[in-house]
Amino acid sequence: MRGMGTIAAGCAILVAGGAAAQDKWCSGVDITVFSGGPAGGAFNSIIDRGAQQAAEDTGANVQIIYSDWNFDQMVTQLRDMIGQTPDGIAMMGHPGDAALMPLAEAADAAGIKMMYVNVDVPEIRARFGSGYVGAQLYAQGLALGAEALRLAGDRLQPGDKAIVMSRWESENRAQRELGLAEALEGAGIEVIRLQEAEGASADQMLQLPTLTATLLANPEVKLIGYPGGPWLAAAPAFMQAVGKAPGDIMGVGFDLGQGVMSAFEGGYVLVTSDQQPYLQGYVPVLSLCQQVVYQLGPMNVDTGAGFVTMDNFEAVAPLADAGLR
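Residues numbered from 1 in each chain as written. Predicted model: local features only at pLDDT ≥ 70, side-chain atom pairs only at ≥ 80, totals over all residues. Heavy atoms only, no water.

1. What to know about the overall build of the chain
So, point 1. For the chain, the helix and strand inventory stands at twelve helices and 14 strands.
So, point 2. Radius of gyration (C-alpha) of the chain: 20 Å, near the 20 Å computed for a compact globule of 325 residues.
So, point 3. With respect to the principal axes defined by its C-alpha atoms, the chain has extents near 60 × 40 × 35 Å.
So, point 4. By the burial criterion, 55% of the 325 residues in the chain qualify as buried.
So, point 5. Sequence separation of at least 24 residues holds for 73% of the intrachain contacts in the chain that already meet a minimum separation of 6.
So, point 6. Carbon together with sulfur atoms contributes 51% to the accessible area of the chain, which is approximately 12600 Å² in total.
So, point 7. Taking the average place of the 17 positive charges on the side chains of the chain and the average place of its 35 negative ones, the gap between the two points comes to 1 Å. (Helix = DSSP H or I, 4+ residues; strand = E, 2+ residues; numbered from the N terminus. Rg over C-alpha atoms; globule rule 2.2 N^0.38 Å. Buried < 20%, exposed > 50% of the residue type's maximum accessible area, 1.4 Å probe, protein only. Contact = heavy atoms within 4.5 Å. Areas by Shrake-Rupley, 256 points an atom, 1.4 Å probe, with all protein chains shown as cover. Lys, Arg positive; Asp, Glu negative; His and termini not counted. Charge placed at Lys NZ, Arg CZ, Asp CG, Glu CD.)

Structural data, given as structure tokens:
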């Protein structure tokens, strides 16, 4: 067995395919999985566990790459990985179709199978027939907006204000927050589209000065839409910093994790839309193995799983504690 080792100064780890990997159906197949965030990140560590379990189950040699949610870094790392010619790569789609298209061409020319994860790249997939594992982001955002309006009831009325945060410059990545914003606007809510601060995807506290200033300028804000699980986990700190009690401003967003469960317990989160990142680690490895070994077509899996609310979060809390949800 190849044990777990650190590669490229902490930017990647190698996961062995089990004690008897040579006896498993995908043994000898090298797969690179882009995890998106930092090593140990609250969201992407769930992706890691899925990829590691797939390595254990199939015998594949799985290398995990960390990018600190830096889109330019993802592109550079992908270029480097294509040069190493693994059998398959599960790539985060965050940099978008235009940035990734030349590298998709290079991977295709090198015979590397590609799957895309978490953020879709429809133009690339239409050209090369690659698979996608993740939520349908715009539809997920629309659905979250409708559910937030239903749960908020009389607390959110036409003419009220809400903040929705995202990396608005990234068209592919921002689709789910766009859906959320447009659902709220369709109900007559005035939406302030707040740009994520530089580096805040990895360290949410970098957003605090801008968020604080926005709330001070708009004290009537009733709801904040957060762009991911680590952001929802930071909601208590954000609200405490601006002197807001639980429930003063309703928090909604995406994803789960231990920190999100704590925010639910504290009364800071109304609803979150789960996209099951464990599947986003497991299924691409499985699909790439099937493509390489059995010459099967790629999988396309919508991992959007519905909503976790104040009424049901305790049912999934044990799975969040285990790092699986």
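From this point, the discussion proceeds with the structure in view.
2. Overview of the confidence of the model for the chain
So, point 1. Across the chain, the average pLDDT comes to 92, with 93% of residues at or above 70.
So, point 2. Note that residues 17-21 has pLDDT below 50 and, in this model, eleven contacts with residues that lie over four places away or in other chains. (pLDDT = per-residue confidence, 0-100.)

3. Digging into unusual backbone geometry
So, point 1. Look at Trp-69: it is not a glycine, yet its phi comes out positive at around 55°.
So, point 2. Position of Trp-69 relative to the elements: it lies in the loop between strand 4 (61-65) and helix 2 (71-83).
So, point 3. A relative accessible area of 13% places Trp-69 in the buried class.
So, point 4. Look at Thr-85: it is not a glycine, yet its phi comes out positive at around 45°.
So, point 5. Assignment of secondary structure puts Thr-85 in the loop between helix 2 and strand 5 (88-92).

4. Thoughts on helix 5 (residues 137-152)
So, point 1. When the terminal C-alpha atoms of helix 5 are compared, their 22 Å separation across 16 residues agrees well with the 22 Å that a helix rising 1.5 Å per residue should span.
So, point 2. Considered for burial, the residues of helix 5 that qualify are Leu-137, Gln-140, Gly-141, Leu-144, Gly-145, Glu-147, Ala-148 and Ala-152.
So, point 3. Elements that come into contact with the buried residues of helix 5 comprise strand 7 (131-134), helix 6 (175-186), strand 10 (221-225), strand 11 (250-254), strand 12 (269-273) and strand 14 (307-309). (Expected span 1.5 Å × (residues − 1).)

5. What to know about the packing of aromatic side chains
So, point 1. Within this structure, the stated rule accounts for six aromatic pairs.
So, point 2. Ring plane angle 5° and centroid distance 5.1 Å describe the contact between Trp-25 and Tyr-294, whose orientation is recorded as stacked. One end of the pair, Trp-25, is in the loop between strand 2 (12-15) and strand 3 (30-34); the other, Tyr-294, is in helix 11 (residues 277-294), with 269 residues separating them in the sequence.
So, point 3. Just above the ring of Phe-254 sits the side chain of Arg-176; from NZ or CZ to the centre is 4.3 Å. (Phe/Tyr/Trp six-rings, centres within 6.5 Å; stacked < 30°, edge-to-face > 60°. Lys NZ or Arg CZ within 6 Å of the ring centre and 35° of its normal.)

6. A word on the environment of Pro-277
So, point 1. Relative to the elements of secondary structure, Pro-277 occurs in helix 11.
So, point 2. For Pro-277, a relative accessible area of 2% corresponds to the buried category.
So, point 3. Placed 27 residues apart in sequence, Pro-277 and Gly-304 show a C-alpha to C-alpha distance of 9.4 Å.
So, point 4. Filtering out sequence-adjacent residues up to four positions away, Pro-277 remains in contact with Phe-43, Ile-46 and Ile-47.

7. Section: the nonpolar core
So, point 1. Grouped together as the largest cluster of nonpolar side chains are 49 residues, with contacts concentrated most on Leu-78, Ile-89, Met-91 and Tyr-116.
So, point 2. Once residues lying within four places of it in the same chain are set aside, the contact partners of Leu-78 are Phe-34, Ile-89, Met-91, Leu-100, Leu-103 and Met-114. (Core = buried A, V, L, I, M, F, W, Y, C linked by side-chain atoms within 4.5 Å.)

8. Some details on the state of the cysteines
Simply put, disulfide is the name for a covalent bond between the sulfur atoms of two cysteines.
So, point 1. This model, assessed by the stated rule, comprises one disulfide.
So, point 2. Paired through a disulfide, Cys-26 and Cys-289 show a sulfur-sulfur distance of 2.1 Å. Taking the torsion about the sulfur-sulfur bond, which here is approximately -95°, the covalent link between Cys-26 and Cys-289 counts as left-handed. Highlighted residues: Cys-26 in the loop between strand 2 and strand 3 and Cys-289 in helix 11, separated in sequence by 263 residues. (Disulfide = S-S within 2.5 Å.)

9. A word on the pattern of salt bridges
So, point 1. One pass over the full model with this rule turns up twelve salt bridges.
So, point 2. Of the charged contacts, one joins Glu-56 and Lys-24 as a salt bridge, the two residues approaching to 3.8 Å between their closest N and O atoms. With Glu-56 in helix 1 (residues 44-58) and Lys-24 in the loop between strand 2 and strand 3, this residue pair connects regions lying 32 residues apart in the sequence.
So, point 3. A salt bridge links Arg-176 to Asp-255, with the nearest nitrogen and oxygen atoms 3.7 Å apart. In this pair, Arg-176 is assigned in helix 6 and Asp-255 in the loop between strand 11 and helix 10 (258-266), connecting sequence segments 79 residues apart.
So, point 4. Accessibility expressed as a relative area gives 5% for Arg-176, which makes it buried.
So, point 5. Each of the salt bridges in this network shares a partner with another, and the network as a whole consists of Arg-173, Arg-176, Glu-177 and Asp-255. (Salt bridge = Lys/Arg side-chain N within 4 Å of Asp/Glu carboxyl O.)

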